[in-house]
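# Working through the structure, step by step
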Amino acid sequence: MQNISVIGAGTMGNGIAHVFAQKGFTVSLIDTSSHQLEKALKTIALNLDRQIAKGALTEDDKKSTLHAITTYTEIPAGVSKADLIVEAATENTELKLSIFRQLDEHAPMGCILASNTSSISITKIASVTRRPAAVIGLHFMNPVPVMKLVEVINGYATDASVTRQVVTLAEKLGKTPCVVNDYPGFIANRILMPMINEAIYSLYEGVAGVNEIDTIMKLGMAHPMGPLQLADFIGLDVCLSILHVLHDGFGNPKYAPCPLLTNMVTAGYLGIKSGEGFYKYTHGSKDLVVSARFTESAAL
């Protein structure tokens, strides 16, 4: 397995392309937007420069990594020689189903079709293809070049040999693969999102302020960042989408999104990507500033 195609050149897609190319794989990065592809290559180059500054890579490593990536704006050309395709498009069910229909039509027989989805059913995605045994979840964590975990999700029909190949591949990338089965939220988000949602409920109900909630979880539970900051980092729209998947999939009210989260997403306060969520983000500043909407601590 040498030729890797990545669908989507956003945050996750460019990170996935980066790690495969850095490990010597030939990568086709596909996005309908040529501007997004240019932006992705610049992001990869910048992240490689950071690795060079830390002494983890050389200039020659950077050149070979970038040389290994070819960009495409159309799926048929970008997947024609693929051994593995990793779909990393927006977390939208209909979009992913549309992409997998196209992949099924244009990808070579024997190619493994993987989705980087964080919550959408792999079984449902596989059902729109004629090769469900070759469809699997390959859920990388953000930022991809840094985070070690890869959640490998078996759909109902995923063949065991496909799982073994994907696990071996993840290990070659220097990642730690964990195999799970296909139920709403898998493991990572089935556990993480209710915690984030409960933190938002705690803020919504006036139990404590943004800084207090995050500090308690960082210092008391040894989390590297608090749940509200993490929600901003993930994207509040993504958190809301995953909670809807959990709520719809299990029919359990414990997964119902907090009304505050719903309101923030509706108003366009999505976290880092929009410049404001629970915290306010200023370009070039590393200071963590609580949004003015939440500056009065409930503890006062």
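Criteria and cut-off values
Residues numbered from 1 in each chain as written. Predicted model: local features only at pLDDT ≥ 70, side-chain atom pairs only at ≥ 80, totals over all residues. Heavy atoms only, no water. UniProt positions renumbered as here; feature names shortened; annotations may be inferred. Helix = DSSP H or I, 4+ residues; strand = E, 2+ residues; numbered from the N terminus. Rg over C-alpha atoms; globule rule 2.2 N^0.38 Å. Contact = heavy atoms within 4.5 Å. Lys, Arg positive; Asp, Glu negative; His and termini not counted. Charge placed at Lys NZ, Arg CZ, Asp CG, Glu CD. 1 Å grid on protein atoms, 1.4 Å probe; cavity = no way out; pocket = protein on both sides within 12 Å on 5 of 7 lines; lining within 4 Å. Points joined across faces, edges and corners; volume = space filled by probe spheres on them. Nonpolar A, V, L, I, M, F, W, Y, C, P; charged D, E, K, R; others polar. Axes fitted to C-alpha atoms, helices over the stretch in contact; angles between N-to-C directions. Left-handed = near helix turned anticlockwise from the far one by under 90°. Pairing = 2+ DSSP bridges.

The chain is annotated in an unreviewed UniProt entry as 3-hydroxybutyryl-CoA dehydrogenase from Puia dinghuensis. Entered under Sequence similarities (unreviewed entry) in the UniProt record, the comment concerning the chain runs "Belongs to the 3-hydroxyacyl-CoA dehydrogenase family."

### A word on the overall build of the chain
Counting its secondary structure elements, the chain contains 12 helices and 10 strands. The C-alpha atoms of the chain give a radius of gyration of 20 Å, which matches the 19 Å a tight globule of 300 residues would have. Taking the principal axes of the C-alpha coordinates as reference, the chain spans close to 60 × 45 × 30 Å. A separation of at least 24 residues holds for 65% of the contacts in the chain among residues at least 6 apart in sequence. For the chain, the separation between the mean place of its 24 positive charges and that of its 27 negative charges on side chains is 5 Å.

### What about the layout of surface pockets?
Here the second largest pocket defines a volume of roughly 160 Å³. In this structure, the second largest pocket is lined by His18, Val19, Gln22, Lys23, Gln51, Pro145, Val146, Met147, Lys148, Leu173, Gly174 and Lys175. At 3 residues, helix 1 (residues 11-22) tops the list of elements feeding residues into the lining of the second largest pocket. A class-by-class count of the residues in the lining of the second largest pocket yields 5 nonpolar, 4 polar and 3 charged.

### As for the packing of helix 8 (residues 188-204) against helix 9 (residues 210-221)
Each pair of packed helices can be summarised by the angle the axes make with each other and by the distance between the axes. Two elements in contact, helix 8 and helix 9, have axes whose closest approach is 9 Å; the angle formed by their N-to-C orientations is 140 degrees. Along this stretch, helix 8 crosses helix 9, giving a crossing that reads as right-handed. Contact with helix 8, carried on its side by Met195, Ala199, Ser202 and Leu203, involves Val210, Ile213 and Met217 of helix 9 and no other residues of that element. Split into classes, the residues belonging to the contact of helix 8 with helix 9 amount to 6 nonpolar, 1 polar and no charged.

### Description of the sheet that holds strand 3 (residues 69-72)
Spatially, 3-2-1-4-5-6-7-8 is the arrangement adopted by the 8 strands of the open sheet, whose pairing is mixed. Because the sheet does not close on itself, it has two edges, and the strands there are strand 3 and strand 8 (176-181). The average undirected angle you get between the axes of adjacent strands in this sheet is 25 degrees. Bridging between strand 5 (residues 112-115) and strand 6 (residues 135-140) involves 3 bridges; their strand directions are parallel.

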